[in-house]
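Inside the fold
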Amino acid sequence: MSDTRQFCDLANQLVIEARRSTQTDNLLKYNDSLVRSIIREQRDLEKAAQQYMVDADMPPPPLIIYQTAIARNKRCLLAYHNHRLERLKDMYWNLGGALPQILNNSETRSKLSPHEVDFLREYNTSVMEFRSEFSYELDITAGIAVPPKDINVSVFVVRDCGVIQTEQGSIDFRKGQRFIVRKADIEHLITQGYLEEVA
Amino acid sequence: MDWEEEYNATRSSGSTTLVASSASSGARATDINTRRAPSPDAMSIFDEPAATTPLQQLIRHWMNERHAPTILPAQEQLLGFLLDHIRRQTDTVQALRGDPSTSEEEHIRIVLVQTEVEQVKFIVRSYIRTRLFKIEKFARFICTDEETQRLLTTAERQFAMSHAKNVDRHFNLTVLQSLPPGQAYLDHTHEWEPEMTTRPNRDRAVFAYALRACPPVRLPSGLPLEFKKNQLSVVPYHVVEEFVLRGDIELV
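Residues numbered from 1 in each chain as written. Chains lettered and ligands numbered in written order. Predicted model: local features only at pLDDT ≥ 70, side-chain atom pairs only at ≥ 80, totals over all residues. Heavy atoms only, no water.

The subject of this paragraph is the overall build of chain A. Scanning chain A for helices and strands turns up 7 helices and 5 strands. In sequence order, the secondary structure elements of chain A are arranged as α-α-α-α-α-α-β-β-β-β-α-β. Over its C-alpha trace chain A gives a radius of gyration of 25 Å, far above what one expects of a compact globule, namely 16 Å for 199 residues. Principal-axis analysis of the C-alpha atoms places the extent of chain A at approximately 80 × 40 × 30 Å. Per-residue burial for chain A yields a buried fraction of 41% across its 199 residues. Of the contacts made within chain A by residues no fewer than 6 positions apart, 61% connect residues no fewer than 24 positions apart. (Helix = DSSP H or I, 4+ residues; strand = E, 2+ residues; numbered from the N terminus. Rg over C-alpha atoms; globule rule 2.2 N^0.38 Å. Buried < 20%, exposed > 50% of the residue type's maximum accessible area, 1.4 Å probe, protein only. Contact = heavy atoms within 4.5 Å.)

Right, dumping it as structure tokens:
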């Protein structure tokens, strides 16, 4: 197995990683080392392309090859980052916009790069701003996958949540108890994992 | 006089003659029957969706929004009306629940009202989030396209700008600033590459259901297609785009 690599091999690896992430429905760790090596490759390509930057009628073929490789690398990098952003946004909305839950979970946090954490924070701010317009009447971060069939739902408490204010008064949720409560009141607790819906 | 005979007699006369009012209670009914039935063309005017409730209108807009590849005009008035309605209903419900004089029957009715309010809230939520999803997807395109900006509410415009800025900043920090200056721009694409900004794809196929008969349109293959009332077809979106905006066709 020779040691030489084609141009954009590393970029292909990045893209394959993105695909793997979609297929396993799992956010993989941010591949910082691969990204850095690709950027290094870009710089080398640029240096190698410099010598061909003559002002001729037809650009010399090596220049075209270098430019194509540079463009492809850049696109693969951007695609990888964009893909991760999409997955982060999906995760954010699935958890009902609970940013602390994502950031405090050390397992998830370790998979993100610091820039992605900043992005999530900024995204959270803009969503909060947008949400404040409607939040008097309805909460737009609640679930939209399943239309509501019943207003009451039977739940089982998985973790202690303490005293929660509901329409029927304040209820103290302790681990192991079952309640029948209004779905809208405790939906956010279900998405965050404190309560479990029982059939 | 037999009711059947009277009815048949007046039907066969066919013109708008008033039947001499008899003592029977069937007289009023026969008056209506003697009026000539409106012709089919005139009937179509009576099928106007002006009688649909705001909720039905919202459901139609919601379905259209979910299936269309572009962003449709924002229905601010409709949303505002429905949100106000929801607020008034919840306030009334709260007041009635706290009032000790409400009867058992009222409580059951309150439960029904609350169920319906939840369903309406679900639809409004889904509508808003579908639009938000599309806005996120086309955020960079929206910042440069005046026409699409007119279709959004102020809050949505602001969200689009801040989202585009956020994504751009992220790309800059992670990738572009480390690259040599010649490559450090996002929009610098060659002719053989697709563009960096995602534009709405108007060629996507949609299921179009015609609520009213429409003038003929031209399909990409060159054949003309005319939508008759209640016709369901699969067409590329751009073929029926203006009909959807006018409300003649809905997407399913």
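Read on, since the account is not over.
Here we come to the sheet that holds strand β1 (residues 205–210) of chain B. All names here are of chain B. Strand order in this open sheet of 3 strands is β4-β1-β5, and the pairing throughout is antiparallel. Each edge of the open sheet carries a strand with a single partner, namely β4 (232–236) and β5 (249–251). Recorded for the sheet is a direction-independent mean angle of 40° between the axes of neighbouring strands. Bridge count for β1 against β4 is 5 bridges, and the pairing is antiparallel. Opposite F207, over in β4, you have V234 as the bridge partner. On top of the sheet, helix α4 (residues 54–67) reaches β1 and β5; it is set at about 60° to β5, its chief contact. In the packing of helix α10 (residues 237–246) onto the sheet, the strands contacted are β1, β4 and β5, and the crossing angle to β4 comes to about 115°. (Pairing = 2+ DSSP bridges. Axes fitted to C-alpha atoms, helices over the stretch in contact; angles between N-to-C directions.)

This paragraph deals with unusual backbone geometry. Residues and elements named next belong to chain A. One non-glycine residue with positive phi stands out, namely C8, at about 65°. By secondary structure assignment, the location of C8 is in the segment before α1 (9–24). You will see that D25, though not glycine, has its phi angle at about 55°, which is positive. By secondary structure assignment, the location of D25 is in the loop between α1 and α2 (32–50).

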